[in-house]
Amino acid sequence: MTDALWVLVLALLAVAALVAVRRRLPVLFWWLVGYPAVTLRVLATYRATMDACGLTVPASAMRRATARMVGRQAAPVPPRRLLPLPTGSGLVMRLRMAAGQAPEDFTASADRLRHAWGAHAVHVRPTKPGRLELRLVGWDVLADVRPPRRWLRTEPLSLPLALREDGHWHVRNFRTVPHELILGATQSGKSVYLRNLLCGLARQPVALVGIDCKWGVELAPFAHRLSALADTSDRANDLLDVLVEEMEARFRLIGMTGGTGPDAVLTSDVWGLPEKARPVPVVVVVDEVAELFLAASKDDEKRRDAMVTKLIRLAQLGRAAGIYLEVCGQRFGAELGKGATMLRAQLTGRVCHRVNDETSANMALGDIAPEAALAATSIPAERPGVAVVGDSSGGWSRIRSPHLTLDDAAAVCRDTAGLVPDLPRLDPFRPVVAEPAGPPSLPAAVPTARPATE
């Protein structure tokens, strides 16, 4: 009796330990328990599951003839597969589709495969003609997102900002997707996504320009790293004029440098220039774009239309000049004035957090993928940071940014203040950061966006 009691106690302790590991260390639990169990289930039920999901094809004529010779009926043939390989969040299994099958057939059956194999999610990705991979996710990877422990190899102006629901990191590559629109309601996680973006760019040789017409309250904590900051509509209008002048000057530089010398290489953007002659990239962050375009009079409407026109010019031509836009807000649409829809079309990168209405989701994702807009409207309020990301190719995915506090983000910008590049045109808009006076316990004065010459 004593031995049986000890066995029972040890079994209960083992179960409790596994439950604790599953909650606190889901990756370890997956490698110890999840991957072996799911792999055995997949291998044991692969043929029956494929047949039940309608993913099999009739046997070949030779197999049918051989089956008739032995008095049997030829079973349907599933796609050929390789052994399931483990990943950090699940497993991946590569398939070779049979004749007549298409990746869309497997995508339509992804939810049935998920239930049959007991996975959290199943994602289908074509790799090359006739082949695809099934990626099974073992648990909800978006429940607790943390920064990657290993440094992901990325190019300049390329940042891993959020974890996707399939376990991969969403990488923001400005050279591939130069301009982006970020929408989200209050407390939806939009500011956390922006903090990760600014902190990633602060560590690179990039000029950061902020436009925040809420008197700079959102972007003022990052003033140490900003090359320019406009906190009112009037100053934003002047700053956009300077950015357009900077863009025109860069195009003149491209025209003069690209065709000089016997061994010169013709180029149409700054990335084709020699490294010594290449101007520093500029990332313009427009926070709460609706505040920028509010109009209460005819004069305000003229100024608004002028600013929209300048932003459109920057969006259309800025990529070649190394100037990129990051536009944030709660809403974005035709009510912002003439040209707003045209500006939205230039913002090919889209990130939509939880929004207050379906119209806002359609503004962000409706012209890319209607199902993505529907997914954005279903984001629960208790999951801040979850968003739907899409691009002009029509692809989309759910993502979630790792939590980053405002104090930590501001500390990164203070530590990287020495990386602010020298751009004389932006000097009048350089924010002046006042140092704290008196005892250290007193709060620091709020950075202002007044010209440095004042």
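Residues numbered from 1 in each chain as written. Predicted model: local features only at pLDDT ≥ 70, side-chain atom pairs only at ≥ 80, totals over all residues. Heavy atoms only, no water.

1. Some remarks on the overall build of the protein chain
For step 1, the next point in the chain: Across its full length, the protein chain holds 13 helices and 15 strands.
For step 2, the next point in the chain: The proportion of buried residues among the 454 residues of the protein chain is 46%.
For step 3, the next point in the chain: Long-range contacts, defined as pairs at least 24 residues apart, comprise 64% of the intrachain contacts of the protein chain with a sequence gap of at least 6.
For step 4, the next point in the chain: Element-wise, carbon and sulfur atoms account for 57% of the exposed surface of the protein chain, whose accessible area totals about 23800 Å². (Helix = DSSP H or I, 4+ residues; strand = E, 2+ residues; numbered from the N terminus. Buried < 20%, exposed > 50% of the residue type's maximum accessible area, 1.4 Å probe, protein only. Contact = heavy atoms within 4.5 Å. Areas by Shrake-Rupley, 256 points an atom, 1.4 Å probe, with all protein chains shown as cover.)

2. Thoughts on unusual backbone geometry
For step 1, the next point in the chain: At L157, a residue that is not glycine, the phi angle is positive and equals roughly 60 degrees.
For step 2, the next point in the chain: Secondary-structure assignment places L157 in the loop between β5 (131–137) and β6 (158–164).
For step 3, the next point in the chain: Accessibility expressed as a relative area gives 1% for L157, which makes it buried.
For step 4, the next point in the chain: The phi dihedral of W215 is positive, around 55 degrees, even though this residue is not glycine.
For step 5, the next point in the chain: Positionally, W215 belongs in the loop between β9 (207–212) and β10 (226–230).

3. Re the side chain of R400
For step 1, the next point in the chain: As for its position among the elements, R400 is in strand β15 (residues 396–400).
For step 2, the next point in the chain: A distance of 3.0 Å separates the side chain of R400 from the backbone oxygen of P384, its partner in a polar contact.
For step 3, the next point in the chain: What R400 contacts, discounting residues up to four positions off in sequence, is L142, A143, V145, A162, L163, R383, P384, G385 and V386. (Polar contact = N/O pair within 3.5 Å; in protein donor to acceptor, adjacent residues only side chain to side chain.)

4. Structural notes on the packing of aromatic side chains
For step 1, the next point in the chain: Taken as a whole, this structure holds 3 aromatic pairs when the rule is applied.
For step 2, the next point in the chain: Centre to centre, the rings of W30 and W139 are 6.4 Å apart; their planes meet at 50 degrees, and the pair counts as tilted. On the criterion of sequence distance, the pair formed by W30 in helix α2 (residues 26–52) and W139 in the loop between β5 and β6 is long-range, its members being 109 residues apart.
For step 3, the next point in the chain: A connected cluster of aromatic rings, assembled from ring pairs, spans W30, Y35 and W139.
For step 4, the next point in the chain: The ring of W271 has R175 sitting right over it, with the charged end atom 4.1 Å from the ring centre. (Phe/Tyr/Trp six-rings, centres within 6.5 Å; stacked < 30°, edge-to-face > 60°. Lys NZ or Arg CZ within 6 Å of the ring centre and 35° of its normal.)

5. Some thoughts on the UniProt feature "binding site: ATP" (unreviewed entry) in the protein chain
For step 1, the next point in the chain: Mapped onto the present numbering, the UniProt feature "binding site: ATP" (unreviewed entry) falls at G184, A185, T186, Q187, S188, G189, K190 and S191.
For step 2, the next point in the chain: Along the chain, A185 turns up in the loop between β8 (180–183) and α6 (190–202).
For step 3, the next point in the chain: Filtering out sequence-adjacent residues up to four positions away, A185 remains in contact with Q330, R354, V355 and N356.
For step 4, the next point in the chain: Residues in contact with G189, not counting those within four places in the same chain, are H353 and G385. (UniProt positions renumbered as here; feature names shortened; annotations may be inferred.)

6. Brief notes about the sheet that holds β10
The strands making up a sheet associate through backbone hydrogen bonding, with each pair oriented either parallel or antiparallel.
For step 1, the next point in the chain: A sheet is described by the order of its strands in space; here 10 strands give the open sequence β7-β6-β15-β14-β13-β8-β12-β11-β9-β10, paired in mixed fashion. Only two strands of the sheet have a single partner each, and these edge strands are β7 (169–173) and β10. The mean angle between the axes of side-by-side strands here comes to 25 degrees, regardless of whether they run parallel or antiparallel.
For step 2, the next point in the chain: Here strand β11 (residues 282–287) pairs with strand β12 (residues 323–329) via 5 bridges, running parallel. Bridge pairing links V282 to I323 in β12.
For step 3, the next point in the chain: Helix α11 (residues 358–366) rests against β8, β13 (349–352) and β14 (386–390) of the sheet, and its axis sits at about 155 degrees to β13. (Pairing = 2+ DSSP bridges. Axes fitted to C-alpha atoms, helices over the stretch in contact; angles between N-to-C directions.)

7. Some details on a positive patch on the surface
For step 1, the next point in the chain: Taken together, R47, R63, R80, R96, K128 and R131 make up a surface patch of like positive charges.
For step 2, the next point in the chain: For R131, the position within the fold is in strand β5. (Patch = residues over 30% accessible without salt bridge, like charges linked within 9 Å, V, L, I, M, F, W, Y side chains within 5 Å. Salt bridge = Lys/Arg side-chain N within 4 Å of Asp/Glu carboxyl O. Lys, Arg positive; Asp, Glu negative; His and termini not counted. Charge placed at Lys NZ, Arg CZ, Asp CG, Glu CD.)

8. Brief notes about the pairing of strand β3 (residues 90–96)
For step 1, the next point in the chain: Within β3, 5 of the 7 residues are buried, leaving the element largely enclosed by the surrounding structure.
For step 2, the next point in the chain: In this structure, strand β1 (residues 80–81) lies alongside β3, joined through 2 bridges in antiparallel fashion. By the bridge assignment for β3, R81 is matched with L95.
For step 3, the next point in the chain: Where strand β2 (residues 85–86) lies against β3, 2 bridges are found, and the strand directions are antiparallel. Its bridge partner lying in β3, P86 is registered against L91.
For step 4, the next point in the chain: Here β2 folds back onto β3, and the loop between the two strands holds 3 residues.
For step 5, the next point in the chain: Strand direction decides the pairing type here: β3 and β5, joined by 7 bridges, are antiparallel. Within the sheet, the bridge partner assigned to V92 lies in β5 and is R135.

9. Focus: the packing of α6 against helix α13 (residues 406–415)
For step 1, the next point in the chain: Where α6 contacts α13, the two axes come as close as 9 Å, and the packing angle between them is 20 degrees. Taken together, α6 and α13 sit at an angle that is classed as roughly parallel. Like other packed secondary-structure pairs, α6 and α13 cross with a definite hand, here left-handed. Contact residues: R195, C199 and A202 in α6; L406, A409, V412 and C413 in α13. (Parallel < 35°, antiparallel > 145°, perpendicular 65-115°, else oblique. Left-handed = near helix turned anticlockwise from the far one by under 90°.)

10. Looking at the environment of E382
For step 1, the next point in the chain: Relative to the helices and strands, E382 resides in the loop between α12 (370–377) and β14.
For step 2, the next point in the chain: For the pair formed by E382 and S188, sequence separation is 194 residues and the distance between their alpha carbons is 9.0 Å.

11. Regarding the packing of α11 against α12
For step 1, the next point in the chain: One way to put it is that α11 packs onto α12 with a least axis distance of 8 Å and a crossing angle of 140 degrees. On the basis of the axis angle, α11 is oblique to α12. The handedness of the crossing between α11 and α12 comes out as right-handed. Mapping the contact onto sequence places E358, A361, N362, L365 and G366 in α11 and P370, A372, A373, A376 and T377 in α12.
For step 2, the next point in the chain: For the contact of α11 with α12, the residue count by class is 6 nonpolar, 3 polar and 1 charged. (Nonpolar A, V, L, I, M, F, W, Y, C, P; charged D, E, K, R; others polar.)

12. Thoughts on a nonpolar patch on the surface
For step 1, the next point in the chain: Taken together, the side chains of L5, W6, L8, V9, L10, L12 and L13 make up a nonpolar region of the molecular surface, amounting to roughly 730 Å² of accessible area.
For step 2, the next point in the chain: Note that L5 resides in helix α1 (residues 2–24).

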